[in-house]
Amino acid sequence: MPSAIPPATRRQRRLRTAAAALAVVGLGVALFDWNLLRRPIEHIVSERLERRFRIAGPLSVRPWSLHPSVSADGLSVANVSGGKVPQLAAVGRLSFSVDLPALLRGEWVLDGIALDGADIHLEEDADGKGNWLLGKDSGGSAPALRLGTIRIRDSVLSVRLPSRRTDLQLRVASDDTGGALRFSATGRWQGEALDIRGKAGSVEGYLDGAKPYPVEAGGSIGATRFSVAGSGANLPDLDGLDIRFTLSGPSLAPLYALTGVPLPATPPYRLAGHLVHSGQRWQFDDLDGLVGSSDLRGTFTVDRGTQPQRLEGRLRSRRLDLSDLSGFIGARATSGQEIAPRPGKVLPSRALGFEKIAAANVDVDFAIDDIRNTGLPLEAAEGHLRIDDRRVTLAPLRLGLAKGKVDGRLELDARSQPAKAVLDVRATRLHLRELLPGTESRNFTSGHLGGRARLAMRGRSVAELLGSADGEVALAMTGGSTNRLLVRLANLDVANALIAWLSGGQREDIRCLVGDMTASGGVLKPRTLVLDTTRSRVIGQGTISLRDEQFDLHLRTEPKDGSLLALRGPLYLGGSFAAPVVRPEPIPLGSRIAGAVALGLISPPLALLALVETGGAEDTPCATLLARRRATPAKP
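Predicted model only: the values in this text are computed from it and were never measured. (Residues numbered from 1 in each chain as written. Predicted model: local features only at pLDDT ≥ 70, side-chain atom pairs only at ≥ 80, totals over all residues. Heavy atoms only, no water.)

**Regarding the overall build of the chain**
For step 1, the next point in the chain: Broken down by element type, the chain carries 12 helices and 35 strands.
For step 2, the next point in the chain: Residue pairs in contact within the chain that sit at least 24 positions apart in sequence constitute 49% of those at least 6 positions apart.
For step 3, the next point in the chain: Element-wise, carbon and sulfur atoms account for 59% of the exposed surface of the chain, whose accessible area totals about 34,400 Å². (Helix = DSSP H or I, 4+ residues; strand = E, 2+ residues; numbered from the N terminus. Contact = heavy atoms within 4.5 Å. Areas by Shrake-Rupley, 256 points an atom, 1.4 Å probe, with all protein chains shown as cover.)

**Observations concerning the nonpolar core**
For step 1, the next point in the chain: With 62 residues, the main nonpolar core has Phe284, Phe300 and Leu412 as its most contacted residues.
For step 2, the next point in the chain: For Phe300, the contacting residues outside a window of four places in its chain are Val261, Trp282, Gln283, Phe284, Leu287, Leu311, Glu312, Gly313 and Val364.
For step 3, the next point in the chain: Counting residues in each nonpolar core, the second largest holds 15 residues, with Ile368, Leu378, Ala381 and Leu449 among its members. (Core = buried A, V, L, I, M, F, W, Y, C linked by side-chain atoms within 4.5 Å. Buried < 20%, exposed > 50% of the residue type's maximum accessible area, 1.4 Å probe, protein only.)

**Some points on the environment of Leu145**
For step 1, the next point in the chain: Its location among the elements puts Leu145 in strand S7 (residues 145-147).
For step 2, the next point in the chain: Note on Leu145: relative accessible area 48%, which makes it partly exposed.
For step 3, the next point in the chain: Sequence separation of Leu145 and Trp108 is 37 residues, and the distance between their C-alpha atoms is 5.0 Å.
For step 4, the next point in the chain: Beyond its immediate sequence surroundings of up to four residues, Leu145 is in contact with Trp108 and Leu110.

**Description of the side chain of Thr301**
For step 1, the next point in the chain: If you trace the backbone, Thr301 turns up in strand S18 (residues 294-303).
For step 2, the next point in the chain: Relative accessible area serves as the criterion here: at 7%, Thr301 is assigned to the buried category.
For step 3, the next point in the chain: If near-sequence neighbours (up to four positions away) are discounted, Thr301 is found in contact with Arg281, Trp282, Gln283, Arg310, Leu311 and Glu312.

**Some words on the confidence of the model for the chain**
Any region with low pLDDT has predicted coordinates that should not be read closely.
For step 1, the next point in the chain: Of all residues in the chain, 77% attain a pLDDT of 70 or more, and the chain-wide mean is 81.
For step 2, the next point in the chain: Confidence over residues 595-616 falls short of pLDDT 50; this stretch has 37 contacts with residues more than four positions distant or in other chains.
For step 3, the next point in the chain: The model gives residues 632-636 a pLDDT under 50, and that stretch makes 11 contacts with residues more than four places away or in other chains. (pLDDT = per-residue confidence, 0-100.)

**Concerning unusual backbone geometry**
For step 1, the next point in the chain: For the bond from Gln307 to Pro308, the omega torsion is -5 degrees, close enough to zero to count as cis.
For step 2, the next point in the chain: Here the bond from Ala395 into Pro396 is cis, since omega is -5 degrees, no more than 30 degrees from zero.
For step 3, the next point in the chain: Tracing the backbone shows Pro396 in strand S24 (residues 391-401).
For step 4, the next point in the chain: Positive phi is not limited to glycine here, since Lys403 has a value of about 60 degrees.
For step 5, the next point in the chain: Within the secondary structure, Lys403 sits in the loop between S24 and strand S25 (404-413).
For step 6, the next point in the chain: Relative accessible area serves as the criterion here: at 55%, Lys403 is assigned to the exposed category.

**Re the pairing of strand S34 (residues 571-576)**
For step 1, the next point in the chain: Of the strand pairs in this sheet, strand S33 (residues 550-559) and S34 are connected by six bridges, and their pairing is antiparallel. In the sheet register, Phe551 faces S34, and the bridge partner there is Gly575.
For step 2, the next point in the chain: Relative to strand S35 (residues 580-584), S34 runs antiparallel, the two being bridged by five bridges. Bridged to Gly575 within S35 is Pro580.
For step 3, the next point in the chain: Count of turn residues in the S34/S35 antiparallel hairpin: three residues. (Pairing = 2+ DSSP bridges.)

**Some points on helix H2 (residues 38-49)**
For step 1, the next point in the chain: Here H2 is 12 residues long and its end C-alpha atoms lie 16 Å apart, about the 16 Å a rise of 1.5 Å per residue gives.
For step 2, the next point in the chain: Within the sequence span of H2, burial applies to Arg38, Glu42 and Ser46. End-on view of H2: buried residues confined to an arc of 60 degrees, all on one side of the axis. What points out from H2, more than 90 degrees from its buried face, is the exposed set Ile44, Glu47 and Arg48.
For step 3, the next point in the chain: Turning to H2, the residues buried within the fold contact strand S1 (53-55) and strand S2 (59-62). (Expected span 1.5 Å × (residues − 1). Arc of directions from axis to C-beta.)

**Considering a nonpolar patch on the surface**
For step 1, the next point in the chain: Together, Leu103, Trp108, Leu145, Leu147 and Leu207 line one region of the surface with nonpolar side chains, adding up to about 450 Å² of accessible area.
For step 2, the next point in the chain: Classification of Leu103 as partly exposed rests on a relative accessible area of 31%. (Patch = residues over 30% accessible without salt bridge, like charges linked within 9 Å, V, L, I, M, F, W, Y side chains within 5 Å. Salt bridge = Lys/Arg side-chain N within 4 Å of Asp/Glu carboxyl O.)

**Some words on the pattern of salt bridges**
Oppositely charged side chains may form a pair once their charged atoms are brought near each other.
For step 1, the next point in the chain: Scanning the entire structure with this criterion turns up 30 salt bridges.
For step 2, the next point in the chain: Across the pair Arg39 and Glu42 runs a salt bridge whose closest N-O atoms are separated by 2.9 Å. One end of the pair, Arg39, and the other, Glu42, are both in helix H2, three residues apart, so they sit about a helical turn from each other.
For step 3, the next point in the chain: With a relative accessible area of 44%, Arg39 lands in the partly exposed category.
For step 4, the next point in the chain: Looking at Glu42, the relative accessible area reads 7%, which means it is buried.
For step 5, the next point in the chain: In this structure, Arg454 engages Asp424 in a salt bridge whose closest nitrogen and oxygen atoms are separated by 2.6 Å. Linking Arg454 in strand S27 (residues 448-459) with Asp424 in strand S26 (residues 419-431), this pair joins segments that are 30 residues apart in sequence. Accessibility classification places Arg454 together with Asp424 in one group, the buried group.
For step 6, the next point in the chain: Several salt bridges share partner residues, and in doing so they unite Asp288, Asp295, Arg297 and Arg318 into one network.

**What about the packing of aromatic side chains?**
For step 1, the next point in the chain: Throughout the structure, instances matching the rule amount to two aromatic pairs.
For step 2, the next point in the chain: Where Phe245 meets Phe284, the ring centres are 5.9 Å apart and the plane angle is 85 degrees; that geometry is what we call edge-to-face. On the criterion of sequence distance, the pair formed by Phe245 in strand S15 (residues 241-249) and Phe284 in strand S17 (residues 281-291) is long-range, its members being 39 residues apart.
For step 3, the next point in the chain: Owing to a relative accessible area of 9%, Phe245 belongs among the buried residues under this scheme.
For step 4, the next point in the chain: With centroids separated by 4.8 Å and ring planes inclined at 45 degrees, the aromatic side chains of Phe551 and Phe577 adopt a geometry described as tilted. With Phe551 in strand S33 and Phe577 in the loop between S34 and S35, this pair connects stretches of sequence that are 26 residues apart. (Phe/Tyr/Trp six-rings, centres within 6.5 Å; stacked < 30°, edge-to-face > 60°.)

**With respect to the pairing of strand S3 (residues 69-78)**
For step 1, the next point in the chain: Two elements, S1 and S3, share three bridges in a ladder whose sense is antiparallel. Residue pairing in the sheet places Ile55 in a bridge with Leu75 of S3.
For step 2, the next point in the chain: Note: S2 against S3, four bridges, orientation antiparallel. The residue bridging Val61 from the neighbouring strand is Val70, located in S3.

Right, here's the structure in full:
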């Protein structure tokens, strides 16, 4: 009977057997040609992706570590049939390591991922379907996967989306030190040429999503140049942004196509500010910059959670050049270039931006401290702009004009075409002196002017709107003064005008000024137009056509005193708005001169007789005219 084997010996044998088995396995692993697994892997991946997957280069495994590594060269995924390029993705080399202790705990952790020479091509077909839609949903949940450090070298992402007029290349590479990404993008986005350079955090930092992802970039899209610096939580969707930015370009209008925010055509601009984007809300704070020669500050919010989007803001300008706002009335192209009026015209005839009016509901307060380059003594402005379902309301609107004020309201209904508009403005205590050009006449001018206008209009442009105006326009002034020289010249009163000029000018007291005009079909016609002074009365008749942009006014002066060499006007104000003409009426003035010449043939001393004004014009009933005007309510 054989003797029993001691327990220690049995343990030693088991250890030797296990060691031998491990040695055999280790030797097998060491001698195994891992390339034999390429075809089975290709088959499995191809079935899952429903695209042909290939490993054209060597497959290498280094198993002897707590973090065994795998590398493969020449990987590729086929593109869809009819694609612009044969492959959706091609990778020069992919390598990664597996955290073995974590795997034994049931966790998938890939570390040390390196992607070299990747070339990924994303495109959509004629129906807008993307080639990146791979495989079928298996219905099961994928195992949880954690990624460690990721390095990308010399890789390119190409994106071709005809439906979005986008065709660009994104080149990406990781820093060798901290793993931060450096990138550049070139091509076209939304039809505009694009050139961007920048840097961002590491890939793993982006995929983790636990912390804001840092990004810094700058470049150009079309003619718009920009720079950004800050962070974002979801960069592909531009969500969770918290950045400082700068913008500059020849006009704000092209940003409408890029961002969907309806902005007017402007002269060259540069803006800086702070942007926070969360969900559907874009908040622009600390806006500061120049549009043309006008400064701009304030806050602005875009809410894309409503249909249409809603814009809210509070904007302020310390100094504004009025020509910088010409894009609001169709006098500036999208590119920012000013549009020359039609030959012989001054009113803008380009259609207003009704598509932008429909693109957003708006609620904006604005204030302007100082207004320049107007041709009028405009001083300041403030108002409230609202757009609600294509109905535009500018109310209240307050203007500082000629040291007085103008209060008004403008309504524009663009729900149908041509658009309907109503303008209602009231002027109070305008200083007549400030309304005159910078001449010596200002020294003799005083008085406060008031006025009211109510006009109903229809049209697609400023020219069409004013050319269809119906309503009333009125102005009035009691008291004040002006230069007697101007009054004398209004009657071509050569003798008294010469005396006034030689004496350095004299004050002519104004008793009243009354203007009462109706508007019909864009034509203003005075019912009453009288300037009454202590020595003369000026009466106006005729029309002002906003429709044809033509003047046809006749001013007749009736002196209340005598004068030699009075040629007895009247004066004619005619011509176009672009080229007005002021001249004596040809028939009465010529007849008077002819009479003087005829008398001169008889006896030279009698030749002055026909040029002597005897005066005698009755005083204008100012109180009656003003009372009549106040008793007549303005019609819409």
